Amino acid sequence: MDFHALEKHEALVRRDLEFLDYPRRDWVIPRHTSAGEPVLDCLIIGGGQGGLAVAATLLREKVKNILVVDANPEGSEGPWRTFGRMITLRTPKYLTGPDGGVPALTIRAWYEAQHGEGAWEKLDQFPKEMWADYLYWLRKTLQLPVENETRAGAIEWMESEQCFSIPLSGPGGTRTAWARTVVLATGIEGSGAWHTPPQISDALPSHLYAHTHTEIGFPDLAGKRVAVLGAGACAFDNAAVALEHGAREVNLFFRRGELVRVNPYRWAEFTGFLKHHADLPDADKWKFILQLIRMGQLPPASTFKRATRFENFTMHANSPLTELGHAGETVQLQTPQGKFESDFLILGTGFQTDLGVRPELPKLLEHIALWRDRYTPPESERSADLARHPYLGANFEFIEKTPGEAPYLSGVFNYTFGCLPSMGFGGASISGMKYSLPRVVAGVTKRLYVEDKDLFFESLKGYDVQDF
Ligand SMILES: Cc1cc2nc3c(=O)[nH]c(=O)nc-3n(C[C@H](O)[C@H](O)[C@H](O)COP(=O)(O)OP(=O)(O)OC[C@H]3O[C@@H](n4cnc5c(N)ncnc54)[C@H](O)[C@@H]3O)c2cc1C
């Protein structure tokens, strides 16, 4: 990063924020527990692009008593410097989002400030590290209150305190945070977990396979036979990295009859879908997302070429695993197309939505409405996966399974990919951030205001500042 050039640009950022600084009054009424401990207006769990953007936008709405916690070390939030093995972002460079609509905060302004006008036009797609640098710059420039290496545990509603208690464990041990609202910005897998099919873990010792979101010793794969399951972007990224590290051969297996070559996510990048999927009737929400999922996911063209340029790379369609085993250190795969052997197996099997496995939710789970509690699709549209997704409100808030049993749930906002059927591309995607950010932030500010409406009315009745 060119810090000198950025210094000048940061003056522009401050000017833009100054120009947009309205309303100016701090308004949230401070709270303390009965023991006198401060209560946060909002705890944001996750310091990736989503958590940072929510924090930045809340601060601009004068919601200042906030904290962002992230389990990862500083600068390693999200996949960009950890398990993401793509070279560039998968989405086009012109997507906006974390800027919150402030031109000087866009990645283009940040890039041109360092590389000069016209440099942007020459840029095809930017490297993932550059996206991480940009997010880090936003965090520092906007002085966002992020605490790293701090993991949030089970969120619990404390009726007597009228707020949530959340255990935070970090380098200094475990402490309790108190918060009026909580935003879950815990990532693409934030409503579930990365998925290792039991068929794999039952059949193979753990040193013979790895999921794409884990550490993989690619240098050790030099000269080895590698098998990859899946045909999404992560599967191809990891196949390419294995080939680039000198794997003897890489065989990629996928269940569909042919590779998906049409990306429905590109179709979805228009105002109507991104801004208003959340406003559709349930039957339509379900239908659209089911269609998106059925159309399937694919690697970006650059990632496809990155792997297919190797002659020792082979793709196998119509190849669900029918049998799996190992003989010593050799993995033995059986598909309808035949038997295959490899020395290592990489799982490009993505994540599964299941709130039951989230460490933040065990004390809320029984009350959270899921789609299966609210909508029964026609036979031809059945999907156990979609039915497991949380049934969210218009601002990403959890909804009670049984009205009246857990009204406090509207204070917890699910800004993860688990929002898909309810909100479309809202959480954990750059594509939807432009429209999802104002929605989730409005959910937090609405709760902070409406909850204290009587106190605000008293302050109005008592208002006596004379104009002259
Ligand atoms: C490999 C990969 C590539 C992607 N590429 C693109 C792309 O090119 N374009 C695009 O639009 N989208 C892309 N996505 C989708 C999405 O944009 C990313 O997943 C993005 O990182 C989501 O941002 P986020 O802030 O929601 O979550 P993340 O960036 O994943 O951040 C979530 C953070 O939450 C923290 N966390 C989780 N649980 C806890 C807890 N209990 N306590 C404390 N901290 C916690 C984690 O440490 C993590 O740092 C990609 C996703 C992946 C996995």
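Here the residue numbering is sequential within each chain, running from 1 through the sequence in written order. Totals for whole chains, interfaces and linings use every residue, but because this is a predicted model, local features are given only for residues with pLDDT of at least 70 and side-chain atom pairs only at 80 or more, for both listing and counting. Values shown for side chains rest on all heavy atoms present in the structure; no hydrogens or waters enter the calculation.

Here's the deal with the layout of surface pockets
Size it by volume and the second largest pocket reaches roughly 700 Å³. Cavities and pockets are defined on a 1 Å grid built over the protein atoms alone: a cavity is a set of grid points where a 1.4 Å probe fits but cannot escape, while a pocket is an open set with protein on both sides within 12 Å along at least five of seven lines, and lining residues are those with an atom within 4 Å of any such point. Lining the second largest pocket are 29 residues, with Leu 17, Ala 56, Thr 57, Leu 59 and Arg 60 positioned closest to its centre. The helix and strand labels rest on DSSP assignments: H or I over at least four residues marks a helix, E over at least two residues marks a strand, and numbering proceeds from the N terminus. Counting residues per element, the lining of the second largest pocket draws most heavily on helix H15 (residues 433-450), at 7 residues. Basically, the charged four are Asp, Glu, Lys and Arg, the nonpolar ten are Ala, Val, Leu, Ile, Met, Phe, Trp, Tyr, Cys and Pro, and anything else, Gly included, counts as polar. Here the residues of the lining of the second largest pocket sort into 12 nonpolar, 8 polar and 9 charged. Grid points are joined across faces, edges and corners, and a volume is the space filled by probe spheres set on the points.

Looking at the packing of helix H3 (residues 107-115) against helix H5 (residues 128-141)
As a rule, the C-alpha atoms of each element are fitted with a line to give its axis, helices using only the stretch in contact, and angles between N-to-C directions run from 0 to 180 degrees. Where H3 contacts H5, the axes come no closer than 11 Å and their chain directions differ by 100°. Of the possible angle classes, the one that applies to H3 and H5 is roughly perpendicular. Facing Ile 107, Trp 110 and Tyr 111 of H3, the residues of H5 in contact are Met 130, Trp 131, Asp 133, Tyr 134 and Trp 137. Here the residues of the contact of H3 with H5 are counted per class, giving 7 nonpolar, no polar and 1 charged. Relative orientations are named as follows: roughly parallel for angles under 35 degrees, roughly antiparallel for angles over 145 degrees, roughly perpendicular for angles from 65 to 115 degrees, and oblique for any other angle. Two residues form a contact once any of their heavy atoms are found within 4.5 Å.

Examining the side chain of Thr 186
Locating Thr 186 in the fold gives a position in the loop between strand S8 (173-184) and strand S9 (192-194). You can call Thr 186 buried: its relative accessible area is 16%. Buried means the residue's accessible area, taken with a 1.4 Å probe over protein chains only, is under 20% of the maximum for its type, while exposed means over 50%, and partly exposed covers the values in between.

A look at the pairing of strand S11 (residues 225-229)
Most of S11 is tucked away: 5 of the 5 residues are buried. Taking every second residue as pointing to the same face, both faces of S11 are buried, with Arg 225, Ala 227 and Leu 229 on one and Val 226 and Val 228 on the other. Bridging between S11 and strand S12 (residues 249-253) involves 5 bridges; their strand directions are parallel. Within S12, the position partnered with Val 226 by the bridge is Val 250. You can see the chain leave S11, run along helix H7 (residues 233-244) and come back into S12, and the turn it takes is right-handed. Summarising the sheet, S11 and strand S17 (residues 344-347) pair through 4 bridges and their orientation is parallel. Its bridge partner lying in S17, Val 228 is registered against Ile 346. Should DSSP find at least two bridges between two strands, the strands are taken to pair. By convention, a crossover is right-handed whenever its connection, traced from the first strand over the helix to the second and viewed with the strands pointing away, goes clockwise.

Quick word on the environment of Asn 318
With respect to the helices, strands and loops of the structure, Asn 318 is situated in the loop between strand S13 (313-316) and strand S14 (323-327). Taking the relative accessible area as the measure of exposure, Asn 318 reaches 39% and is therefore partly exposed. C-alpha of Asn 318 to C-alpha of Asn 395: the two residues are 77 residues apart in sequence and 41 Å apart in space. In contact with Asn 318, other than residues within four places in its own chain, are Phe 254, Arg 255, Arg 256, Gly 257, Pro 336 and Gln 337.

Digging into the environment of Ile 399
Within the element layout of this structure, Ile 399 appears in the loop between helix H13 (384-387) and strand S19 (412-414). For Ile 399, a relative accessible area of 25% puts it in the partly exposed group. It is 42 Å that separates the C-alpha atoms of Ile 399 and Leu 208, two residues lying 191 residues apart in sequence. Apart from the residues lying within four places of it in its own chain, the contact partners of Ile 399 are His 367, Ile 368, Ala 369, Arg 374, Tyr 391, Leu 392, Gly 393 and Leu 409.

Notes on the site of the ligand
Near the ligand lie 34 residues; those nearest to it are Gly 50, Asp 70, Arg 90, Thr 91 and Glu 360. What qualifies as a polar contact is a pair of N or O atoms within 3.5 Å, subject to a donor-acceptor requirement within protein and to the restriction that residues adjacent in sequence count only when both atoms come from side chains. Arg 90 places a main-chain nitrogen or oxygen 2.5 Å from an oxygen atom of the ligand. Per-residue and other accessible areas follow the Shrake-Rupley method at a 1.4 Å probe size, with only the shown protein chains counted as cover for residues. For the ligand, whose free accessible area comes to 970 Å², the fraction covered by protein is 93%. The residue makeup of the shell around the ligand, split by class, is 15 nonpolar, 13 polar and 6 charged. Proximity is defined per residue: if any heavy atom of the residue lies within 4 Å of a molecule or strand, that residue is considered near it.

What about the environment of Asp 16?
Looking at where Asp 16 falls in the secondary structure, it is placed in helix H1 (residues 3-19). Judged by relative accessible area, which is 11%, Asp 16 ranks as buried. Note: C-alpha distance between Asp 16 and Asn 65 (49 residues apart in sequence) is 23 Å. Not counting chain neighbours up to four residues away, the residues in contact with Asp 16 comprise Val 102, Pro 103 and Ala 104. Engagement of the side chain of Asp 16 in a polar contact is seen with the backbone nitrogen of Ala 104, the distance being 3.5 Å.

Here we look at the sheet that holds S14
On the basis of which strands lie adjacent, the open sheet formed by 3 strands has the order S14-S15-S16 and antiparallel pairing. The two strands at the open ends of the sheet, each matched to only one other strand, are S14 and strand S16 (338-342). Between one strand and the next, the sheet's axes are offset by a mean angle of 20°, whatever the strand orientation. Direction of pairing for S14 relative to strand S15 (residues 330-335): antiparallel, over a ladder of 5 bridges. By the bridge assignment for S15, Glu 323 is matched with Gln 334.

Some details on the domain arrangement of the protein
A common measure of how large an interface is: the accessible area buried when the components associate. Each domain span listed reflects an automatic or database assignment of domains. According to the domain assignment, the protein contains domain 1 (3-191 + 352-457) and domain 2 (196-261 + 298-349). Domain 1 and domain 2 are separated by 33 Å when their C-alpha centres are compared. Domain 1 puts 6 residues into the contact, and the matching count from domain 2 is 14 residues. Note on domain 1 versus domain 2: buried area summed over both sides is about 760 Å², and carbon and sulfur give 52% of it. When two components associate, each loses some accessible surface as probed by a 1.4 Å sphere; the sum of these losses over both components is called the buried area. Of all residues in domain 1, Phe 83, Arg 85 and Arg 90 bury the most surface against domain 2, accounting for 80% of the area lost on that side. Salt bridges are counted wherever a side-chain nitrogen of Lys or Arg sits within 4 Å of a carboxyl oxygen of Asp or Glu. Counting across the interface, domain 1 meets domain 2 through 1 salt bridge. Across the salt bridge formed by Arg 90 and Asp 237, the nearest N and O atoms sit 2.8 Å from each other. For the side of domain 1 that touches domain 2, a count of residues per class yields 3 nonpolar, 1 polar and 2 charged.

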